[in-house]
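# Analysis of the macromolecular model
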Amino acid sequence: MREYDDAVLECFLDKQLQLFPEAVAETLDEAEDFLEECMAVVVDSVEDVIEYFDEAGMDVDGAMDDEILEADEVFDIGDGRYLIVEA
């Protein structure tokens, strides 16, 4: 069973160049392998993105939601969820 659904994998494939200078995956399977290796996380809301960064020790006090969502590591899946890839 896949850890990431197709929407997450397709989002990463489409937007991976926002984080990397060149493509790191070309297929859904390669994307899933890469995300598993990076221990990427899917969260359900902007609040969860903020909580994730806060728990990771990043200073998010005073940061606006839009600023956090513009981080290269944050991928908007398009269905209200966000993929966070720390590479």
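Residues numbered from 1 in each chain as written. Predicted model: local features only at pLDDT ≥ 70, side-chain atom pairs only at ≥ 80, totals over all residues. Heavy atoms only, no water.

## Examining the pattern of salt bridges
Proximity of charged atoms lets side chains of opposite charge pair with each other. Applying the stated criterion to the full structure yields two salt bridges. In this structure, the salt-bridge partner of aspartate 79 is arginine 81, at a minimum N-O distance of 2.9 Å. In this structure, a network of salt bridges that share partners links the residues Asp5, Asp79 and Arg81. (Salt bridge = Lys/Arg side-chain N within 4 Å of Asp/Glu carboxyl O.)

## Observations regarding helix H2 (residues 28–38)
If you check which residues of H2 are buried, you get Ala31, Glu32, Phe34, Leu35 and Cys38. Mapping the buried residues of H2 onto a view down its axis gives an arc of 165 degrees, with all of them on the same face. In H2, the exposed residues that point more than 90 degrees away from the buried face are Asp29 and Glu37. Trailing H2 by a residue or two, methionine 39 shows a phi angle of about 55 degrees, which is positive. (Buried < 20%, exposed > 50% of the residue type's maximum accessible area, 1.4 Å probe, protein only. Helix = DSSP H or I, 4+ residues; strand = E, 2+ residues; numbered from the N terminus. Arc of directions from axis to C-beta.)

## So, unusual backbone geometry
Unlike most non-glycine residues, methionine 39 shows phi in positive territory, near 55 degrees. Structurally, methionine 39 can be placed in the loop between H2 and strand E1 (41–43).

## Focus on the state of the cysteines
The final tally for this structure, using the stated rule, is zero disulfides. There is no disulfide at cysteine 11, and the cysteine sulfur nearest it, in cysteine 38, is 14 Å away. Assessed through its relative accessible area of 18%, cysteine 38 is described here as buried. (Disulfide = S-S within 2.5 Å.)

## Digging into the sheet that holds E1
Taken in spatial order, the three strands make up an open sheet running E1-E3-E2, and their pairing is antiparallel. Taken across any chain shown, the strands that pair with only one partner, and hence form the sheet edges, are E1 and strand E2 (74–76). Direction aside, the axes of adjacent strands within the sheet are offset by 25 degrees on average. Examined bridge by bridge, E2 and strand E3 (residues 82–84) share three bridges and lie antiparallel to one another. Following the sheet pairing, aspartate 76 is matched in E3 by tyrosine 82. Here helix H3 (residues 46–55) sits on the sheet and contacts E1, E2 and E3; the angle it forms with E3, its principal contact strand, is near 15 degrees. (Pairing = 2+ DSSP bridges. Axes fitted to C-alpha atoms, helices over the stretch in contact; angles between N-to-C directions. Contact = heavy atoms within 4.5 Å.)

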